[in-house]
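The primary structure of each chain is shown beneath.
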Amino acid sequence: MPPTNLPHLTPVELTLPNDMVVSLRPLGPDDRERLAAGFDRLSAESRYRRFMTPTPRLTASELIYFSEIDYRNHFAWGVQAVRSDGLDGAGVARYVRLADDQNAADTAFTVLDEYQGQGIGRVLLLALAVAARVNVVHELHFDVLADNRPMLRVLEKSGVPVGSASDGIVHAVLDVDSFRALDSWPPARALSDLARAVRLTPDSR
C-alpha cells in the first residue's frame, strides 16, 4: 500500500533470507502517527540506543522533523513487514546531510524489538546507501553506542570499517562510492528509481 501523500509511488518489496517479506518506501508527512506508534512499541533499551539518552516520548516538533523531509538533504526509508493481516511497521533509517560538509551525512537507524536480528538492519543500511548515491552523498557517518552489538554487527557484516570506542561511542564511515555491496543487490535499481521519483512529487518538501 503506497503512502497516501505519495500516491503514485509504489513501495519496493523484497524477501529476506528467513523468507520474511518486507516493503520499503520513503517516509512522508502522513507517517507521523505511524512513527509515534512505532516509537511507543520500542523498549527503553532500543530508545536509548537510538537517541543515546533516555527518551520517553517524541515531541510534536520531533515528529514533524522526522516526517517532513526534502528527500535530498534529509532522506528516510520506512520498512514494513508484509503479513497476512496487513503491513506492520518494522523500522526506519535516515540520513541528514552535514551543514559543514555537503558530501557527508549523519545516519540514524531504528528497528522495532520484535523485528531485530532478522536482517532488516542490513536492508535499511543498503537502502540508505542507495538514496545517498542518488543524492550525491559520498559518506554516511554512524555514531553507535559501544554496547550496541547488533548495530555494530550490521556494519561489520556489510563491510563498513568500524573503529575503536571513544567515550562509549563507536564512529564508522561508509564510503558510498566504493560500497560494492550495492552493485550486486537486486533491489538497488528499483530503490534508486523510487528515491529519484520521490523528489519529483509535488508535495515533497
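Read on for a plain summary of the structure. Starting afresh in each chain, residues are numbered from 1 along the sequence in its written order. This being a predicted model, a pLDDT of at least 70 is required before a residue's local features are given, and a value of 80 or more before pairs of side-chain atoms are given or counted; all residues contribute to the totals for chains, interfaces and linings. Neither water nor hydrogens contribute to the side-chain values; these are computed over all heavy atoms in the structure.

## Focus on the overall build of the chain
Thinking step 1. When its secondary structure is counted, the chain shows 6 helices and 8 strands.
Thinking step 2. Here the C-alpha radius of gyration of the chain, 16 Å, is about what a compact globule of 205 residues would show, namely 17 Å.
Thinking step 3. Referenced to the eigenvectors of the C-alpha coordinate spread, the extents of the chain come out at roughly 45 × 35 × 35 Å.
Thinking step 4. Three exposure classes are used, based on accessible area relative to the maximum for each residue type with a 1.4 Å probe and protein chains only: buried under 20%, partly exposed in between, and exposed over 50%. Residues classed as buried in the chain amount to 50% of the 205 residues present.
Thinking step 5. Considering only contacts within the chain whose residues lie at least 6 apart along the sequence, 64% involve residues at least 24 apart.
Thinking step 6. Taking the average place of the 22 positive charges on the side chains of the chain and the average place of its 27 negative ones, the gap between the two points comes to 3 Å. Secondary structure is summarised from DSSP: a helix means a run of H or I of at least four residues, a strand means a run of E of at least two, and numbering begins at the N terminus for each. We take the radius of gyration over the C-alpha atoms and set the globule estimate at 2.2 Å times the residue count to the 0.38 power. By definition, residues are in contact when any of their heavy atoms lie within 4.5 Å. Asp and Glu are treated as the negative residues and Lys and Arg as the positive ones, with His and the ends of the chain left uncounted. A single reference atom marks each charge: NZ on Lys, CZ on Arg, CG on Asp, CD on Glu.

## Description of the packing of aromatic side chains
Thinking step 1. Stacked, tilted and edge-to-face pairs are distinguished by plane angle, under 30 degrees for stacked and over 60 for edge-to-face with tilted covering the rest, among Phe, Tyr and Trp rings (Trp via its six-membered ring) whose centres lie within 6.5 Å. Under the definition given, this model contains 7 aromatic pairs.
Thinking step 2. Ring centres of Phe51 and Phe66 lie 6.3 Å apart, and the angle between their planes is 45 degrees; this geometry places the pair in the tilted category. One end of the pair, Phe51, is in helix H2 (residues 44–51); the other, Phe66, is in helix H3 (residues 60–67), with 15 residues separating them in the sequence.
Thinking step 3. Residue classification places Phe66 among the buried positions, given a relative accessible area of 11%.
Thinking step 4. Both rings, one in Phe75 and one in Trp77, keep their centres 5.0 Å apart while their planes meet at 55 degrees; by these two values the pair is tilted. Judged on exposure class, the residue Phe75 and its partner Trp77 are both buried.
Thinking step 5. Any Lys NZ or Arg CZ that is within 6 Å of a ring centre and within 35 degrees of that ring's normal is treated as a charge sitting over the ring. The ring of Phe51 carries Arg50 above its face, with NZ or CZ at 4.3 Å from the centroid.

## Regarding helix H4 (residues 120–134)
Thinking step 1. A helix's residues, less one, multiplied by 1.5 Å, set its expected span. The terminal C-alpha atoms of H4 lie 21 Å apart, and with 15 residues this matches the ideal 21 Å at 1.5 Å per residue to within 8%.
Thinking step 2. Buried residues dominate H4, accounting for 13 of its 15 residues.
Thinking step 3. Downstream of H4 by a residue or two, Val136 has a phi angle that is positive, lying close to 55 degrees.

## A look at the pattern of salt bridges
Thinking step 1. Within this document, salt bridges are pairs made up of a side-chain nitrogen of Lys or Arg and a carboxyl oxygen of Asp or Glu, the two lying within 4 Å of each other. Scanning all chains against the criterion turns up 12 salt bridges.
Thinking step 2. Note that Asp88 is salt-bridged to Arg83, the shortest N-O span being 3.6 Å.
Thinking step 3. A relative accessible area of 12% places Asp88 in the buried class.
Thinking step 4. Measuring nitrogen to oxygen at the nearest pair gives 2.5 Å for the salt bridge that ties Asp183 to Arg180.
Thinking step 5. The class for Arg180 is partly exposed, based on a relative accessible area of 48%.
Thinking step 6. The network of salt bridges with shared partners includes Arg41, Arg83, Asp85, Asp88 and Glu114.

## Describing the sheet that holds strand S6 (residues 139–145)
Thinking step 1. Two strands make a pair as long as DSSP finds a minimum of two bridges between them. The 8 strands are arranged S1-S2-S3-S4-S5-S6-S8-S7 in an open sheet whose pairing can be described as mixed. Every interior strand has two partners, whereas the edge strands, strand S1 (12–15) and strand S7 (162–166), have only one. When the angles between neighbouring strand axes are averaged without regard to direction, this sheet yields 25 degrees. Axis definition: a line fitted to C-alpha atoms, over the contacting stretch in the case of helices. Angles run 0 to 180 degrees between N-to-C directions.

## Regarding H2
Thinking step 1. What H2 keeps buried is the set Ser46, Arg47 and Arg50. With its buried residues spanning 100 degrees around the axis, H2 presents them on a single face. Turned more than 90 degrees from where H2 packs its buried face, Ala44 and Glu45 sit exposed.
Thinking step 2. Buried residues in H2 make contact with helix H1 (32–41), H3, strand S4 (86–98) and strand S5 (101–111). Directions are taken from the helix axis to each C-beta atom, and the arc is the one they span.

Scope: geometric values only; no functional claims are made or implied.
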